[in-house]
Amino acid sequence: MTTTLSSTDLRADILALKKERNAVILAHNYQIAEIQEIADYVGDSLGLAFRAQETDADVIAFCGVHFMAETAKMINPEKTVVLPDANAGCSLEDSCPAEDLGAFLEQNKEKNYYVITYINSSAAVKALSDVICTSGNAVRIVEAAPEDRPILFVPDQNLGAWVSQQTGREMDFWNGNCYVHVEFTRDSIQRIKDEHPDAVTVAHPECTTAVRLLADVVCSTEKMVDFCKETESQNIIVVTEANMLHRLRREVPDKNLIPGPTDNCACAECRYMMMNTMEKLYLCLRDLSPQVQLDETTRERAKAPIMKMLELSK
Ligand code: 13P
Ligand code: SF4
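The following paragraphs examine the structure supplied in this document. (Residues numbered from 1 in each chain as written. Chains lettered and ligands numbered in written order. Predicted model: local features only at pLDDT ≥ 70, side-chain atom pairs only at ≥ 80, totals over all residues. Heavy atoms only, no water.)

With respect to topology, four strands assemble into an open sheet ordered β6-β5-β7-β8, the strand pairing being parallel. A single partner strand is all that each edge strand has here, and the edge strands are β6 (131-133) and β8 (172-173). Where strand β5 (residues 114-118) meets β6, three bridges bridge the pair, whose relative direction is parallel. If you follow Y118 over to β6, its bridge partner there is C133. Sheet strands in contact with helix α15 (residues 296-312) are β5 and β6, and its direction is about 60° off that of β6. (Pairing = 2+ DSSP bridges. Helix = DSSP H or I, 4+ residues; strand = E, 2+ residues; numbered from the N terminus. Contact = heavy atoms within 4.5 Å. Axes fitted to C-alpha atoms, helices over the stretch in contact; angles between N-to-C directions.)

Structure below.
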């Protein structure tokens, strides 16, 4: 279905539909500028999960990727959760099919793993986990893990390696990664640092160890906002998905924010996050479709480790 609305009309129509539906628009920091500007809340995975839990709207229009909208539905099943594009996936989610994790846990039963799962995963994988974490609370979640059980960290090996280093806790890792963040290399980041010798560098923990070692600070997308506000440096190299720069430029307009390049491009975009458009946002609010649907058993099982995470993050 196509519409012929101008961008001004689309904005007005989305706002009118939002009111009519009693909807809230939640958007991740990697959404395109227009979506960030129309959203009621823009944030990282942790902030978005809290907003989804707290909202008194009837409809949540979730502009991010599928697992984020799915998490909102798990936390708040009474709500209608719609998303602009149901095909907006995530390479980390894809790297860990629930059957593979289930088989691995079965084969390693005697280890009695404490499974810490990054929120970038399917509902079925969350349902096999002891606790969920985001990049914003991973250190705290690992610190709260029982001492007498080995940790299996799923599915991001880079976030896992970073949190292991931060906490001093050894763990086993699933072999997954974010296809966007592994595109930054030691050479591509060193080059941009050489071009801006007085800049500080902030990187997402999904980056490889070689890249994280070049950063002054490693943190979640939301903490990047605080870092950019607080640092005394005028020039900041931001090593994460390129749309993050919209959020940062709105909140920190007086600083020079430099997108971290990869070897192939000046800035890295997540093709899944980029699937969402203003037109699709309008259509999902109009049609209440696509909608997140979850089978009740999986939802109940997956909700427990998410609620544990939210409790530990307060
Ligand atoms: P944040 O929770 O830090 O926003 O990260 C989400 C994500 O998908 C990063 O690629
Ligand atoms: Fe997934 Fe990477 Fe896109 Fe984040 S940036 S949604 S981890 S593919």
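Every residue lining ligand 1 is accounted for by H28, Y30, D44, S45, Y118, N120, S135, H181, H204, E206, S220 and T221. Residue N120 places a side-chain N or O atom 3.2 Å away from an oxygen atom belonging to ligand 1. Contact between ligand 1 and S135: an oxygen atom at 2.7 Å from a side-chain N or O atom of the residue. The protein chains hide 95% of the 300 Å² of surface that ligand 1 would expose on its own. Its atoms largely coinciding with the cavity grid, ligand 1 occupies the largest cavity. Here the shell around ligand 1 is built from residues that sort into two nonpolar, eight polar and two charged. (Near = heavy atom within 4 Å. Polar contact = N/O pair within 3.5 Å; in protein donor to acceptor, adjacent residues only side chain to side chain. Areas by Shrake-Rupley, 256 points an atom, 1.4 Å probe, with all protein chains shown as cover. 1 Å grid on protein atoms, 1.4 Å probe; cavity = no way out; pocket = protein on both sides within 12 Å on 5 of 7 lines; lining within 4 Å. Sits in = over half its atoms within 2 Å of the grid points. Nonpolar A, V, L, I, M, F, W, Y, C, P; charged D, E, K, R; others polar.)

All right, on to the packing of helix α12 (residues 221-230) against helix α13 (residues 244-251) then. Contact geometry for α12 and α13: axes closest at 10 Å, N-to-C directions at 35°. Here α12 runs over α13; the crossing is right-handed. Where α12 abuts α13, its residues T221, E222, M224, V225, C228 and K229 lie against M244, R247, L248 and E251. Tallied by class, the residues present in the contact of α12 with α13 amount to five nonpolar, one polar and four charged. (Left-handed = near helix turned anticlockwise from the far one by under 90°.)

What follows deals with helix α6 (residues 98-107). Of all the positions in α6, only A98, L101 and L105 are classed as buried. The buried residues of α6 occupy an angular sector of 65° when the element is viewed end-on, so they sit on one face. Away from the buried face of α6 by more than 90 degrees, exposed residues E99 and Q107 are located. For α6, the elements touching its buried residues are β5, α7 (123-126) and β7 (151-154). (Buried < 20%, exposed > 50% of the residue type's maximum accessible area, 1.4 Å probe, protein only. Arc of directions from axis to C-beta.)

Moving on, we come to helix α3 (residues 45-54). Most of α3 sits out of view: seven of its ten residues are buried. By the burial criterion, the buried members of α3 are S45, L46, G47, L48, A49, F50 and A52. Against β1 (23-28), β2 (41-43), β3 (59-63), α4 (66-75) and α15 lie the buried residues of α3.

Empty space left among the atoms is revealed by rolling a probe the size of a water molecule over them. Using the criterion set out here, one finds two cavities of 30 Å³ or more in the structure. Roughly 250 Å³ of internal volume is contained in the largest cavity. Every residue lining the largest cavity is counted, 29 residues in all, and those nearest its centre are Y30, M68, N120, E206 and M273. Of all elements in the fold, only α3, α4 and α5 (91-94) reach the threshold of two or more residues within the lining of the largest cavity. Residue classes in the lining of the largest cavity are distributed as 14 nonpolar, twelve polar and three charged. Taken together, S45, L48, A49, F62, M68, T71 and I119 form the lining of the second largest cavity. Taken together, the elements giving at least two residues each to the lining of the second largest cavity come down to α3 and α4. Residue contributions to the lining of the second largest cavity peak at three residues, all from α3. (Points joined across faces, edges and corners; volume = space filled by probe spheres on them.)

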